Amino acid sequence: MQFSVWQRYARPQANRAARFIIILLIASLAGCQRPESGQQPGLFQLPMEYLHLMQTPLPAQLPVPVQGVKPQQIVDTWGAARSQGRRHEGVDIFAKRGTPVLSTTEGLILSVGINTLGGNVVWVLGPDMSRHYYAHLESYGQFSQGDWIKVGDVVGYVGNSGNARTTPPHLHYGIYRNGEGAINPYPYLTRD
Ligand SMILES: [Zn+2]
């Protein structure tokens, strides 16, 4: 997977205060411009979005990221055994191939790419600098790295790429909190 400049800024172990100062410096250099709509922002146009995400808490309740799937249909498989001694660090949401995958949060597209386990994956930087991982996609939504997306925007389409190629199509969805690493998405998707 591509290791982008956005991910370096979003590393959970990075010191929050240091990051804030770096962002303020970049913001002052850039004059805090918000990009024109429909235009992909450049590095020096991003700080306003970063500041917004840093100041916004992650909601306790998030929408189910697969169109048409209800919270009651989701099974909590957090921590279940996986190949090579790994533990399941997310939730699997089964749906027909090609079902739209919808962003649970607003945020910035950190990366769009391919990795061995996840297949076609999208990373979104969300509120409180949380990172949201959408994996095993059949294909991607209409955006590129650095784009701003809103809750419910199409991230991609359900598939079984990566190590899910022997399983029925599903979305693997993971949440990584700043400073905590992977957390169980299940309570966020099923709370009312
Ligand atoms: Zn999974």
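Just above, that's the structure.
Residues numbered from 1 in each chain as written. Predicted model: local features only at pLDDT ≥ 70, side-chain atom pairs only at ≥ 80, totals over all residues.

### Quick notes on the overall build of the protein
For step 1, the next point in the chain: Secondary structure assignment for the protein yields four helices and nine strands.
For step 2, the next point in the chain: For the protein, the proportion of its 192 residues judged to be buried stands at 32%.
For step 3, the next point in the chain: The contacts of the protein with a sequence gap of at least 6 include a subset with a gap of at least 24, amounting to 66%. (Helix = DSSP H or I, 4+ residues; strand = E, 2+ residues; numbered from the N terminus. Buried ≥ 20, exposed ≤ 12 C-beta atoms within 10 Å, placed from the backbone. Contact = placed C-beta atoms within 7 Å.)

### Remarks on unusual backbone geometry
With glycine set apart, most residues show a phi of negative sign, and most peptide bonds adopt trans.
For step 1, the next point in the chain: With a phi close to 55 degrees, Asp128 is a non-glycine residue in the positive phi region.
For step 2, the next point in the chain: When you line up the elements, Asp128 lands in the loop between β4 (119-125) and β5 (131-140).
For step 3, the next point in the chain: According to the C-beta neighbour criterion, Asp128 is partly exposed, with 15 such atoms within 10 Å.
For step 4, the next point in the chain: Even without being a glycine, His136 presents a positive backbone phi close to 65 degrees.
For step 5, the next point in the chain: Mapped onto the elements, His136 comes out in strand β5.

### A word on the environment of Asp128
For step 1, the next point in the chain: Residues Asp128 and Leu58, 70 residues apart in the sequence, show an inter-C-alpha distance of 5.7 Å.
For step 2, the next point in the chain: Setting aside its immediate chain neighbours within four residues, Asp128 contacts Thr56, Pro57, Leu58 and Asn178.

### Some remarks on the environment of Ser130
For step 1, the next point in the chain: Counting through the fold element by element, Ser130 comes out in the loop between β4 and β5.
For step 2, the next point in the chain: Ser130 sits in the buried class, given 25 other C-beta atoms within 10 Å.
For step 3, the next point in the chain: The sequence separation of Ser130 and Gly107 amounts to 23 residues, and the corresponding C-alpha distance is 9.4 Å.
For step 4, the next point in the chain: Filtering out sequence-adjacent residues up to four positions away, Ser130 remains in contact with Leu58, Ile175, Tyr176, Arg177 and Asn178.

### Topic: the nonpolar core
For step 1, the next point in the chain: Residues Val101, Val122, Val124 and Tyr134 are the most contacted members of the largest nonpolar core, which totals 33 residues.
For step 2, the next point in the chain: Broken down by element, this core gets its largest block of residues, five residues, from β4. (Core = buried A, V, L, I, M, F, W, Y, C linked by C-beta atoms within 7 Å.)

### Focus: the pairing of strand β1 (residues 91-94)
For step 1, the next point in the chain: Along β1, the buried face is formed by Val91 and Ile93; none of Asp92 and Phe94, which line the opposite face, is buried.
For step 2, the next point in the chain: Note that β1 and strand β8 (residues 170-177) share four bridges and pair antiparallel. Residue Asp92 lies in a different strand from β8, and its bridge partner there is His172. (Pairing = 2+ DSSP bridges.)

### What to know about the pairing of β4
For step 1, the next point in the chain: The element β4 is extensively covered by neighbouring structure, given that six of its seven residues are classed as buried.
For step 2, the next point in the chain: Inspection of the sheet shows strand β3 (residues 107-115) paired to β4 by seven bridges, in the antiparallel sense. Each residue of the ladder has a partner; that of Asn115, found in β4, is Gly119.
For step 3, the next point in the chain: The hairpin turn running from β3 into β4, its antiparallel successor, is three residues long.
For step 4, the next point in the chain: In the sheet, β4 pairs with β5 via five bridges, with the strands oriented antiparallel.

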